[in-house]
Amino acid sequence: MVTTTTHDHTRFTALGDSASCGVGDPTPDGWRGWAQILADALDSEGRVSFRKLAVPGATVADVRHDQLPDALAHHSDVTSLVVGLNDAMRSTWDPDQVRADLLHCADELARQGTLLLCVRFHDHTRALGLPGVLARPMRRRIQVLNEIYDEIQGRYGALRLDLAADPIIYDRSFWALDRLHPSELGHRWLARQAGILLRGEGVAIRLPSLVCTSAPPTRRDAVRTLVHDIVPWIARRARDLGPAVVEAVVRCLVDARHRQRREPAVWCAAGPRRLRQGVGQTPVLAGNGPFSM
């Protein structure tokens, strides 16, 4: 249960990247997002102090070195720590360092007695519709992130919002045009789910509404987002995930070669992976071969 023994109002800090910054939920005053919506729901007669320290593009290291000091200075009752996907999507991915940085942040915040709010990420590759060759390495990295957040929950009793627990998270209406960030509805849903968790800890909060207030995006918005955001993002991620993709392809080639040597009759037998060869033709694999997507 959140207490306010050192101040007469609730203090809430949001750490993280573009999702907690509010990208995908534009307002005339800038990005709003789930953390701001949650802070507004906590507000009662101006008795909430909210610091949104999350910034687009932030990595776990950025949170540790740039955001954590300000969060500690705020002496928050509730602190959200939702970050790591930018790390998982880059060629500099270092799971050991990510774990060390996240545990450091959680430990420092827990020492102050703040109530930590974290997540278990859903399968972002499914929401993005990534091809298998890009999806597989990213999916493995997200699983590593989730295991780290499981550890944080076990060590510090953090509240944990399991995004994969409800298949509604994959509904198209929950995502902005870029499919990288929640839409206004997605942000409102996240804020409401977080509010339910806080209410369970005895926090006085009115649950955020799921009624959207912004106009839906136009077709022109969709085209602009495709050209300026989605295509460049896919190009960057293909480059960042390149080493993992190459490793997966090489591993698949080696495995296929070994199978051919051990069980040529099975590999060439009629079935999903059958060898089609006519007179004068080069053998080709048909069906669901090792590189099918």
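On a predicted model such as this, the values are computed, not experimentally measured, just so you know.

## Focus: the packing of aromatic side chains
Here a ring pair, both rings aromatic, is described through the centre-centre distance and the interplanar angle of the planes.
Working step 1: A full pass over the atoms with the stated rule returns 3 aromatic pairs.
Working step 2: When the ring of Phe174 is compared with that of Trp189, the centres are 5.6 Å apart and the planes differ by 65 degrees; the resulting orientation is edge-to-face. Highlighted residues: Phe174 in the loop between strand 7 (159-162) and helix 8 (184-200) and Trp189 in helix 8, separated in sequence by 15 residues.
Working step 3: According to the relative accessible area criterion, Phe174 is buried, its value standing at 6%.
Working step 4: Sitting over the face of the ring of Tyr170, Arg126 holds its NZ or CZ atom 3.9 Å from the ring centroid.

## A short note on the pattern of salt bridges
Working step 1: Following the criterion strictly, the structure yields 11 salt bridges and no others.
Working step 2: The shortest N-O distance in the salt bridge between Asp150 and Arg120 comes to 2.7 Å. On the criterion of sequence distance, the pair formed by Asp150 in helix 7 (residues 132-156) and Arg120 in strand 6 (residues 115-120) is long-range, its members being 30 residues apart.
Working step 3: Connected through shared salt-bridge partners, Asp25, Arg32, Glu184 and Arg188 make up one network.

## Brief notes about the environment of Tyr170
Working step 1: Relative to the elements of secondary structure, Tyr170 occurs in the loop between strand 7 and helix 8.
Working step 2: Residues Tyr170 and Arg126, 44 residues apart in the sequence, show an inter-C-alpha distance of 7.6 Å.
Working step 3: Beyond its immediate sequence surroundings of up to four residues, Tyr170 is in contact with His122, Asp123, Arg126, Ala127 and Trp175.
Working step 4: Here Asp123 takes part through its backbone nitrogen, which lies 3.0 Å from a polar atom of the side chain of Tyr170.

## Quick notes on helix 5 (residues 95-111)
Working step 1: Compared with an ideal rise of 1.5 Å per residue, which puts 17 residues at 24 Å, helix 5 spans 24 Å between its outermost C-alpha atoms and is within 8% of the ideal.
Working step 2: Within helix 5, the full set of buried residues consists of Val98, Asp101, Leu102, Leu103, Cys105, Ala106 and Leu109.
Working step 3: In this structure, the buried side of helix 5 is in contact with strand 1 (10-16), helix 3 (60-74), strand 5 (78-82), helix 4 (85-88), strand 6 and helix 7.
Working step 4: Two residues or fewer past helix 5, Gly113 is found with a positive phi of approximately 85 degrees.

## Some details on the sheet that holds strand 4 (residues 48-52)
Working step 1: Strand order in the open sheet formed by 5 strands is 4-1-5-6-7, with parallel pairing between adjacent strands. On the outer flanks of this sheet lie strand 4 and strand 7, each paired with one strand and no other. If you compare each strand with its neighbour and ignore which way they point, the axes differ by 15 degrees on average.
Working step 2: Summarising the sheet, strand 1 and strand 4 pair through 5 bridges and their orientation is parallel. Pairing of Ala14 across the sheet is with Lys52, part of strand 4.
Working step 3: Contacts from helix 2 (residues 33-42) reach strand 1, strand 4, strand 5 and strand 6, with the element oriented near 175 degrees to strand 4.
Working step 4: Its contacts with the sheet put helix 5 on strand 1, strand 5 and strand 6, and the angle it makes with strand 5 is roughly 175 degrees.

## Topic: helix 8
Working step 1: Over its 17 residues, helix 8 runs 24 Å from end to end, which matches the ideal 24 Å to within 8%, given 1.5 Å per residue.
Working step 2: Burial in helix 8 covers these residues: Glu184, Gly186, His187, Arg188, Trp189, Leu190, Ala191, Ala194, Gly195 and Leu198.
Working step 3: At its buried positions, helix 8 is contacted by helix 1 (18-21), helix 2, strand 5, strand 6 and strand 7.
Working step 4: Once helix 8 ends, the next one or two residues include Gly202, with phi positive near 90 degrees.

## Quick notes on the confidence of the model for the protein
Working step 1: When pLDDT is averaged along the protein, the result is 79, and 71% of the positions lie at 70 or above.
Working step 2: Of the regions scoring below 50 in pLDDT, residues 248-261 engages in 11 contacts with residues more than four places distant in sequence or in other chains.
Working step 3: Throughout residues 263-293 the model reports pLDDT below 50, and contacts reaching past four residues in sequence, or to other chains, amount to 37 contacts.

What counts and how
- Residues numbered from 1 in each chain as written.
- Predicted model: local features only at pLDDT ≥ 70, side-chain atom pairs only at ≥ 80, totals over all residues.
- Heavy atoms only, no water.
- Phe/Tyr/Trp six-rings, centres within 6.5 Å; stacked < 30°, edge-to-face > 60°.
- Helix = DSSP H or I, 4+ residues; strand = E, 2+ residues; numbered from the N terminus.
- Buried < 20%, exposed > 50% of the residue type's maximum accessible area, 1.4 Å probe, protein only.
- Lys NZ or Arg CZ within 6 Å of the ring centre and 35° of its normal.
- Salt bridge = Lys/Arg side-chain N within 4 Å of Asp/Glu carboxyl O.
- Contact = heavy atoms within 4.5 Å.
- Polar contact = N/O pair within 3.5 Å; in protein donor to acceptor, adjacent residues only side chain to side chain.
- Expected span 1.5 Å × (residues − 1).
- Pairing = 2+ DSSP bridges.
- Axes fitted to C-alpha atoms, helices over the stretch in contact; angles between N-to-C directions.
- pLDDT = per-residue confidence, 0-100.

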